[in-house]
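Reading the structure
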Amino acid sequence: QVQLVQSGGGLVQPGGSLRLSCAASGTIFRIPVMGWFRQAPGKQRELVAQIGFDNGYTNYADSVKGRFTISRDNAKNTTYLQMNNLKPEDTAVYSCTAILQKSGVSIPNTYWGQGTQVAVSS
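The structure reproduced in this document is the subject of the present report. Computed from a predicted model, the values in this text were never measured in an experiment. (Residues numbered from 1 in each chain as written. Predicted model: local features only at pLDDT ≥ 70, side-chain atom pairs only at ≥ 80, totals over all residues. Heavy atoms only, no water.)

We now examine the nonpolar core. Of all hydrophobic cores here, the largest spans 30 residues; its most connected members are L4, W36, V48, F68, L81, M83 and Y94. Mapped by element, the contributors of at least two residues to this core are β1 (2-7), β3 (18-26), β4 (30-39), β5 (46-52), β7 (68-73), β8 (78-83), β9 (92-101) and β11 (116-120). For this core, the element with the highest residue contribution is β9, accounting for five residues. (Core = buried A, V, L, I, M, F, W, Y, C linked by side-chain atoms within 4.5 Å. Buried < 20%, exposed > 50% of the residue type's maximum accessible area, 1.4 Å probe, protein only. Helix = DSSP H or I, 4+ residues; strand = E, 2+ residues; numbered from the N terminus.)

Going through the model one piece at a time under the given rule, you end up with one aromatic pair. Ring plane angle 55° and centroid distance 5.2 Å describe the contact between F37 and W112, whose orientation is recorded as tilted. In this pair, F37 sits in strand β4 while W112 sits in strand β10 (residues 109-112), placing the two residues 75 residues apart along the sequence. Its relative accessible area of 22% is what places F37 among the partly exposed residues. Owing to a relative accessible area of 34%, W112 belongs among the partly exposed residues under this scheme. One Lys or Arg, R30, reaches over the ring of F53 and ends 4.4 Å from the middle of that ring. (Phe/Tyr/Trp six-rings, centres within 6.5 Å; stacked < 30°, edge-to-face > 60°. Lys NZ or Arg CZ within 6 Å of the ring centre and 35° of its normal.)

Note that R72 resides in strand β7. For the buried R72, which has no salt bridge, the nearest side chain bearing the opposite charge is D54, at an N-O separation of 7.5 Å. Here the side chain of R72 touches I31 through a polar contact of 2.7 Å, landing on its backbone oxygen. Engagement of the side chain of R72 in a polar contact is seen with the backbone oxygen of G52, the distance being 3.1 Å. Look past the residues within four positions of R72 in its chain and what remains in contact with it is I31, P32, V33, M34, I51, G52, F53, N55, T78, T79 and Y80. (Lys, Arg positive; Asp, Glu negative; His and termini not counted. Salt bridge = Lys/Arg side-chain N within 4 Å of Asp/Glu carboxyl O. Polar contact = N/O pair within 3.5 Å; in protein donor to acceptor, adjacent residues only side chain to side chain. Contact = heavy atoms within 4.5 Å.)

Applying the stated criterion across every chain, the model contains one disulfide. Covalently, C22 is tied to C96 through a disulfide, its sulfur atoms 2.0 Å apart. Linking C22 and C96, the disulfide has an S-S dihedral of approximately 55° and is accordingly described as right-handed. One end of the pair, C22, is in strand β3; the other, C96, is in strand β9, with 74 residues separating them in the sequence. Accessibility expressed as a relative area gives 0% for C22, which makes it buried. (Disulfide = S-S within 2.5 Å.)

Structure representation (structure tokens):
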């Protein structure tokens, strides 16, 4: 079995910072892509950021460029989302995701973390 366990999140004032972590565990051969999505009340889920295996590929939503940074530690099968200069519109449930192979010949599947609330309010 594969599990993605998130940590971090909470309540922060506008302009503040938070760091989210997401650790994958279980039968893992390789994780080509890790990423973060978010969903605010009444809105569709949106991609926030994603990162390739070698950290050379990153992709960000326009709304977070310059404020959020995604990174990963392949030795720990963990991805991080550093969120700076947070705004009220960043308030959402943030979920991590991993496109993961259990073996060298298996088809990659997508796994999700449990979600964590981020609230930005004064």
